[in-house]
Amino acid sequence: MWDSRFPTALEARLPPRASLAPLASLALRASLALRASLALGAILVLAGCGLGPGGAPSGVALTVTRDFGTKTLAEMPVTRLRGSDTVMRMLEASAHVKTRYGGGFVESIDGIASGRQDGGPTDWFYYVNGVEATKGAAATKLNPNDHVWWDYHDWAASTDIPAVVGAFPEPFLHGFGGQRLPVRIECVQPASTACATISNVLTGYGIPAARGGLALAEYGDVLRVAVGTWPRLRNDPTARLLESGPRTSGVYARISSTGTTLAVLDQKGATVRTLGPGSGLVAAVRHAGDPPLWIVTGTDEAGVSAAARAFQAGDLHDDFALAVANEIGIPLPVGKP
């Protein structure tokens, strides 16, 4: 039972505060107040539905970071679980948590509270298997092998980051929402080294993946990895979100329509540097409620190959997205507050 009026995960975390006044107009603050009210109503509805005991989920892991994954605060397996446990209950059992709005919204974790940092608004956001949750933590039930990741960051440049790469090999290994999805690797050049690299990495994790050319079609519940230079990949409307920057794509990078330059951005959305030949990008974008689309691209073939070599857990760990220049990984957004 779920109330479709419930706002996005970000909106649920944005109760109206006087501290938002420098950023928001009266109309925006009124809108946030209304959405927060609807969110609370949805939580009360959920509270009456019950989750049922079931079997305790196994293999669950918790990660807590701040500033877009640049500082790890906690990283641990969570074993003391019950069948009815939610993301909120797991967090409360693992850290000191303060909540608001009837316990549905995380206000602080271990003393790090929502507020302002470096002039921008900051809040706690959470992802399950690399996908931003669409419900409050108190309403999200845990499934076996879920990787729950909480991060505290500035959201001035992007109010919504639908998918991140730092939980790899999730969501390919166990899916999300308790459902493992089929995987398809779509390559501009199916016989390329970069395409083979992606396929070999997924095979190494025991993840079966179909491999072929760009389909450029809706696949429904399929996890796709698009591999190749940008002029071809941009024909996919979901991939093309990357050209519009973080406010649209949730990725702190902006690739030119020609694909020859890649601007890497800081947490405020400002360009730190523009990368040229041989540069690559590994990122995930998501349209509405579709599964995330992972993108492995570059400014040229060498850049695509460099990005493909970074498609592994050791390089992507706790990164929201990763650019590559001169064989060096650049976690995005660039720099710390």
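The model shown is predicted, which means the values in this text are computed figures rather than measured ones.

Conventions and cut-offs
Residues numbered from 1 in each chain as written. Predicted model: local features only at pLDDT ≥ 70, side-chain atom pairs only at ≥ 80, totals over all residues. Heavy atoms only, no water. Core = buried A, V, L, I, M, F, W, Y, C linked by side-chain atoms within 4.5 Å. Buried < 20%, exposed > 50% of the residue type's maximum accessible area, 1.4 Å probe, protein only. Helix = DSSP H or I, 4+ residues; strand = E, 2+ residues; numbered from the N terminus. Contact = heavy atoms within 4.5 Å. Polar contact = N/O pair within 3.5 Å; in protein donor to acceptor, adjacent residues only side chain to side chain. Pairing = 2+ DSSP bridges. Axes fitted to C-alpha atoms, helices over the stretch in contact; angles between N-to-C directions. Salt bridge = Lys/Arg side-chain N within 4 Å of Asp/Glu carboxyl O. Disulfide = S-S within 2.5 Å.

J.: I would appreciate a short explanation of the nonpolar core in the present structure.
T.: Within soluble globular proteins, side chains that are nonpolar generally end up buried alongside one another. Leu242, Leu281, Ile295, Ala323 and Leu332 are the most contacted members of the largest nonpolar core, which totals 35 residues. Looking at this core, the elements with two or more residues in it are β7 (120–128), α5 (230–233), β13 (253–255), β14 (262–265), β16 (280–285), β17 (293–298), β18 (321–325) and β19 (328–332). Counting residues per element, this core draws most heavily on β14, which supplies 4 residues. Non-local contacts of Ala323, meaning those with residues more than four positions away in its chain, are made with Leu262, Val264, Leu275, Gly280, Leu281, Ile328, Gly329, Ile330 and Leu332. Residues Cys187, Leu202, Leu223 and Trp294 belong to the second largest nonpolar core, which totals 32 residues.

J.: Please explain helix α7 (residues 301–309) as it appears in this structure.
T.: Since the α-helix packs 3.6 residues into each turn, any two residues three or four apart lie on the same face. Among all positions in α7, only Gly303, Val304, Ala306, Ala307 and Ala308 are buried. The elements touched by buried residues of α7 are α4 (193–204), β12 (223–227), β16, β17 and β18. N-cap assignment for α7: the residue whose side-chain oxygen lies 3.3 Å from the backbone N of Ala302 is Asp300.

J.: I tried to follow the sheet that holds β12 on my own but got confused; where do I start?
T.: Within a sheet, each strand pairs with its neighbour through backbone hydrogen bonds, oriented either parallel or antiparallel. Taken in spatial order, the 7 strands of this open sheet run β11-β10-β12-β17-β16-β18-β19, and their pairing is mixed. Bordering the open sheet on either side are β11 (209–213) and β19, each of which pairs with just one other strand. Recorded for the sheet is a direction-independent mean angle of 20° between the axes of neighbouring strands. The sheet contact formed by strand β10 (residues 183–187) and β12 spans 5 bridges and is parallel. When the bridges of β12 are listed, Val183 appears paired with Leu223. The strands touched by α4 are β10, β11, β12 and β17; relative to β10, the strand with the most contacts, the crossing angle is about 165°. Contacting β12, β16, β17 and β18, α7 runs over the sheet at an angle of about 135° to β17.

J.: Looking at this structure, how should I read the pattern of salt bridges?
T.: Note on pairing: side chains with opposite charge can pair once their charged atoms come close. Under the counting rule described, the total for this entry stands at 8 salt bridges. Glu107 is paired through a salt bridge with Arg100; the nearest N and O atoms lie 3.8 Å apart. Of the charged contacts in the structure, one is a salt bridge between Arg224 and Glu186, with a shortest N-O distance of 3.2 Å. One end of the pair, Arg224, is in strand β12; the other, Glu186, is in strand β10, and 38 residues separate them in sequence.

J.: Where do I start with the pairing of β7 in this structure?
T.: Along any regular strand the residues' side chains alternate between the sheet's two faces. The element β7 is extensively covered by neighbouring structure, given that 9 of its 9 residues are classed as buried. In sequence, strand β6 (residues 115–117) turns back onto β7 through a hairpin of 2 residues, with Asp118 there showing a positive phi of about 50°. In terms of strand pairing, β7 meets strand β8 (residues 131–132) through 2 bridges, oriented antiparallel. Considered in β8, the bridge of Tyr127 is made with Glu132. The antiparallel hairpin formed by β7 and β8 contains 2 residues in its connecting segment, where Asn129 sits at a positive phi of about 55°.

J.: Honestly, the state of the cysteines in this entry has me stumped. Any pointers?
T.: Cysteine pairs can be covalently joined through their sulfur atoms, and such a bond is termed a disulfide. This model, assessed by the stated rule, comprises 1 disulfide. Paired by a disulfide, Cys187 and Cys195 hold their sulfur atoms 2.0 Å apart. On the sign convention where negative is left-handed, the bridge of Cys187 and Cys195, at about 80° about the S-S bond, is right-handed. Looking at Cys195, the relative accessible area reads 0%, which means it is buried.

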